[in-house]
Amino acid sequence: MSHRPQPTEYAPYYDNYIRLVPDAPIAATLVRQFGETESFYRRISERQAGERYAPGKWTIKQVIGHMMDTERVFAYRALAISRRHGDELPSFEQDDYVAAANFDQRSWRDLVDEFASVRAASVGLFERLPDDALDRRGIAAGNEITVRACGFICAGHELYHVVSLKDRYRLD
Amino acid sequence: MAHRPAPAEYSKHPFEPYVTLVPDGPIAVTLAAQFDETRRVYEDVTEARAACRYAPEKWSLKQVLGHLTDVERVFHYRALATARGDGAKLPSYDPPGYTAAADFDRLSWRDLLTDLTVVRAATVQLFEHFTPDMLARSGVVGAGERHFTVLACGFIVAGHERHHLALIRDRYLTL
């Protein structure tokens, strides 16, 4: 049986992230993946972390801050939908969030430490859901989404940005 | 820097009883220190005791602990969204509905305590990095049923935890 969400479980746009995630239980994927990405983040220096790959683009610190904001939002969506919350959940304006935050004023090491805590909290949620909760559906940002898709988006969104960091910021 | 929210920073009902339980001080420090105390009490609870209800229609201890973690996740999101300027129309939270849908009784007490521990660590780090400007931003639930500042969110989480710790000591650990 596949662990992956079906295309009917999320808006087509999210396929950019979900297709990057392997077919496996999502809590285990979130743990295993961070084991790999954390060592990549820890190899980035404080000086590199303040750089942008082009003028007007986010710094690496802002990218990781954005990854944390996104994970917190999707973990919340997963929580609310898994608890059969009926309200439509609000959209998430990623550029506004980064502009309102202060990621560039923080140390890189501190940001990576925080991301580790955010990930542990996401794993805690997905590990403890009731059996049928991954299938539960809600509305977020105007689109139907399942709890399972929220988990895959957490993982896939991180992978998407790690690939982009390696490529555009010439990190390895 | 303001170390506690003014009464105008949160809806009197239902939040005032929680906020008043929290001592003055930087909220990230309070959230970390207070949880050390809470955890010591909860670590002594046995699995058999954790399955108990003090009255038939009341939650079990496990459900109370799961509820604390849900509340923390909800206010963690509310604080984040509000601090980022996105607090104008936050979704509501339904404690009985969430607790019923979560089925916490199938989990062990130890496991539920681990979950609250990791969520608290993320909450402490979130609040550590809010600036005074961010702490002062206001969020509103639904069409205005409830409101709070980011700072008040932190005090609500801490006060709600203290409220339940006192109830648990009085009603469950004396059974």
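Before reading on, note that the structure itself is shown above.
For clarity, every value in this text was computed on a predicted model and none was experimentally measured.

A separate point is the overall build of chain B. Secondary structure assignment for chain B yields eight helices and two strands. Across chain B, helices and strands are ordered from the amino to the carboxyl terminus as α-α-α-α-α-α-α-β-β-α. For chain B, whose C-alpha radius of gyration is 16 Å, the value lies close to the compact-globule estimate of 16 Å for 175 residues. Considered along the principal axes of its C-alpha atoms, chain B spans approximately 45 × 30 × 25 Å.

Each helix and strand in chain A was counted, giving seven helices and two strands. In sequence order, chain A lays out its α and β elements as α-α-α-α-α-α-β-β-α. Taken over the C-alpha trace, chain A has a radius of gyration of 16 Å; the compact-globule value for 172 residues is 16 Å, and the two agree within 12%. Reported as C-alpha extents along the three principal axes, the dimensions of chain A are approximately 45 × 30 × 25 Å. Relative to its 172 residues, chain A shows a buried fraction of 45%. Long-range contacts, defined here as pairs at least 24 residues apart, represent 78% of the contacts in chain A between residues at least 6 apart.

Between chain B and chain A, the contact holds 27 residues from the first and 27 residues from the second. Among the residues making up the side of chain B that touches chain A, the classes are represented as 11 nonpolar, seven polar and nine charged.

It is characteristic of soluble globular proteins that their nonpolar side chains tend to be buried jointly. Within the largest apolar cluster, 101 residues are counted, with the highest numbers of intra-cluster contacts made by A:Ile153, B:Ala152 and B:Ile156. Beyond its immediate stretch of four places on either side in the chain, B:Ile156 contacts B:Tyr10, B:Phe15, B:Tyr18, B:Val19, B:Phe75 and B:Phe148.

Turning our attention to the pairing of strand β1 (residues 137-140) of chain A. All names here are of chain A. A one-sided burial pattern is seen for β1, the buried positions being Gly138 and Ala140 and the unburied ones Arg137 and Ile139. With four bridges joining them, β1 and strand β2 (residues 143-146) adopt antiparallel strand pairing. Of the residues in β2, the one forming a bridge with Arg137 is Thr146. The hairpin formed by β1 and β2 contains two residues between the paired strands, and Ala141 there has a positive phi angle of roughly 50°.

For the bond running from B:His13 to B:Pro14, omega is 5°, close enough to zero to count as cis. As for its position among the elements, B:Pro14 is in helix α1 (residues 12-19). One non-glycine residue, A:Arg84, lies in the positive phi region at around 60°. Considering the arrangement of structural elements, one finds A:Arg84 in the loop between α4 (60-82) and α5 (94-100). Even without a glycine there, the phi angle at A:Ala141 is positive, about 50°. If you trace the backbone, A:Ala141 turns up in the loop between β1 and β2. Overall, the presence of 15 C-beta atoms within 10 Å leaves A:Ala141 in the partly exposed class.

So, about the environment of B:Glu43. Along the polypeptide, B:Glu43 turns up in helix α2 (residues 27-43). In this structure, the C-alpha to C-alpha distance between B:Glu43 and B:Gln125, residues 82 residues apart in sequence, is 23 Å.

Turning to the packing of helix α4 (residues 61-83) of chain B against helix α5 (residues 95-102) of chain B, a few remarks are in order. All names here are of chain B. One way to put it is that α4 packs onto α5 with a least axis distance of 10 Å and a crossing angle of 115°. With respect to the hand of their crossing, α4 and α5 are arranged in right-handed fashion. Counting all contacts with α4, which are made through Gln63, Gly66, His67 and Asp70, the residues of α5 involved are Pro95, Tyr98, Thr99 and Ala102. When its residues are assigned to classes, the contact of α4 with α5 shows three nonpolar, four polar and one charged.

This part covers helix α7 (residues 147-168) of chain A. Because the α-helix completes a turn every 3.6 residues, residues three or four places apart line up on one side. Its 22 residues give α7(A) an end-to-end C-alpha distance of 31 Å, which sits within 8% of 32 Å, the value for a rise of 1.5 Å per residue. Backbone geometry just downstream of α7(A) places A:Arg170 in the positive-phi region, at approximately 50°.

Between helix α6 (residues 108-127) of chain A and helix α6 (residues 109-128) of chain B, the shortest axis-to-axis distance is 8 Å and the interhelical angle comes to 145°. The interaxial crossing formed by α6(A) with α6(B) has left-handed handedness. Note on element contacts: α6(B) touches α6(A) through B:Asp115, B:Val118, B:Val119, B:Ala121, B:Ala122 and B:Gln125, opposite A:Glu114, A:Ser117, A:Val118, A:Ala120, A:Ala121 and A:Gly124. Class assignment for the residues of the contact of α6(A) with α6(B) results in seven nonpolar, three polar and two charged.

Conventions adopted
Residues numbered from 1 in each chain as written. Chains lettered and ligands numbered in written order. Predicted model: local features only at pLDDT ≥ 70, side-chain atom pairs only at ≥ 80, totals over all residues. Helix = DSSP H or I, 4+ residues; strand = E, 2+ residues; numbered from the N terminus. Rg over C-alpha atoms; globule rule 2.2 N^0.38 Å. Buried ≥ 20, exposed ≤ 12 C-beta atoms within 10 Å, placed from the backbone. Contact = placed C-beta atoms within 7 Å. Nonpolar A, V, L, I, M, F, W, Y, C, P; charged D, E, K, R; others polar. Core = buried A, V, L, I, M, F, W, Y, C linked by C-beta atoms within 7 Å. Pairing = 2+ DSSP bridges. Axes fitted to C-alpha atoms, helices over the stretch in contact; angles between N-to-C directions. Left-handed = near helix turned anticlockwise from the far one by under 90°. Expected span 1.5 Å × (residues − 1).

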